[in-house]
Structure formats: structure tokens, C-alpha cells
Amino acid sequence: MLAGKKIIFFGNSLFTILNFRHELLLEFLRENSVFIVCPYDSVLVARYNDRLNHENLTVRYVPLSRVSRDLWSNLKSFYMTCKLIRSLDPDLMLCYTVK
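The model shown is predicted, which means the values in this text are computed figures rather than measured ones. (Residues numbered from 1 in each chain as written. Predicted model: local features only at pLDDT ≥ 70, side-chain atom pairs only at ≥ 80, totals over all residues. Heavy atoms only, no water.)

Attention shifts here to the side chain of T81. Structurally, T81 is set in helix α4 (residues 71-88). The class of T81 is buried, set by a relative accessible area of 10%. Those residues within four positions of T81 in sequence are excluded, and the remaining contacts are F10, V62 and L64. (Helix = DSSP H or I, 4+ residues; strand = E, 2+ residues; numbered from the N terminus. Buried < 20%, exposed > 50% of the residue type's maximum accessible area, 1.4 Å probe, protein only. Contact = heavy atoms within 4.5 Å.)

This next bit is on the sheet that holds strand β4 (residues 92-96). The strand order across the open sheet formed by four strands is β3-β2-β1-β4, and the pairing between neighbours is parallel. Either end of the sheet is taken by a strand with one partner, and the two such strands are β3 (58-62) and β4. Sheet twist, expressed as the average angle between the axes of neighbouring strands with direction ignored, equals 20°. Pairing of strand β2 (residues 33-39) with β3 involves five bridges; the strand directions are parallel. Opposite C38, over in β3, you have Y61 as the bridge partner. (Pairing = 2+ DSSP bridges. Axes fitted to C-alpha atoms, helices over the stretch in contact; angles between N-to-C directions.)

Counting residues in each nonpolar core, the largest one holds 15 residues, and the members touching the most others are F9, L14, L18, L25, I36, L52 and L57. Elements with a minimum of two residues in this core: β1 (6-11), α1 (14-20), α2 (22-29), β2 and α3 (42-54). Sequence-distant contacts of F9, that is, excluding residues within four places in its chain, are made with I17, R21, L24, L25, F28, V34, F35, I36, V37 and L94. (Core = buried A, V, L, I, M, F, W, Y, C linked by side-chain atoms within 4.5 Å.)

Geometry only, nothing functional implied.
This is the structure:
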């Protein structure tokens, strides 16, 4: 049913996606192209880099700030996120955040 599709996992942290949706990621990765889209965090990238390479997961980073209230910064983040999603042209997108 979903074989050969492009799937985006969009989240507010690489940590939450890899630790709470890992099994789902691997299941989709068996027959699909899977992309993780999240904000860049140098500590998490260093920690999970080997795991990402080993499992052939592709990560794309978007400029999201957790504390910004600046309108222009938020508009830029929105624009860059939309541009990235358009360039990937996904068939399915799963947005995930821990509440």
C-alpha cells in the first residue's frame, strides 16, 4: 500500500523522533524513502550520527527556534520549512512532538 513512497517525519527534536518513533521509522524505511526534518542540534547530531548512517536515515534541518518571538524570524522559519517540504515532495508527512 505504501511501497515506494516518500515519507517525512517532521518533529521539534531529533531525539523525540528517534526515541519515540524509531520502530515506525524502520518499518517505513523497508520499502520507502524516509526523511527526518527537525531543527539542528549539534549535541544530538554528534550523539546519533553513527545510528543515522547505519540505518540509512536522511535528516534535513530547518531553522526553528524554541524561544524566538520575533515575527521576521518566525516568517523565515516558516518559509524555509515550506521550501524544504516542497523540494522533497512527500507522499506522506507525519508531524510529531511530545506534549
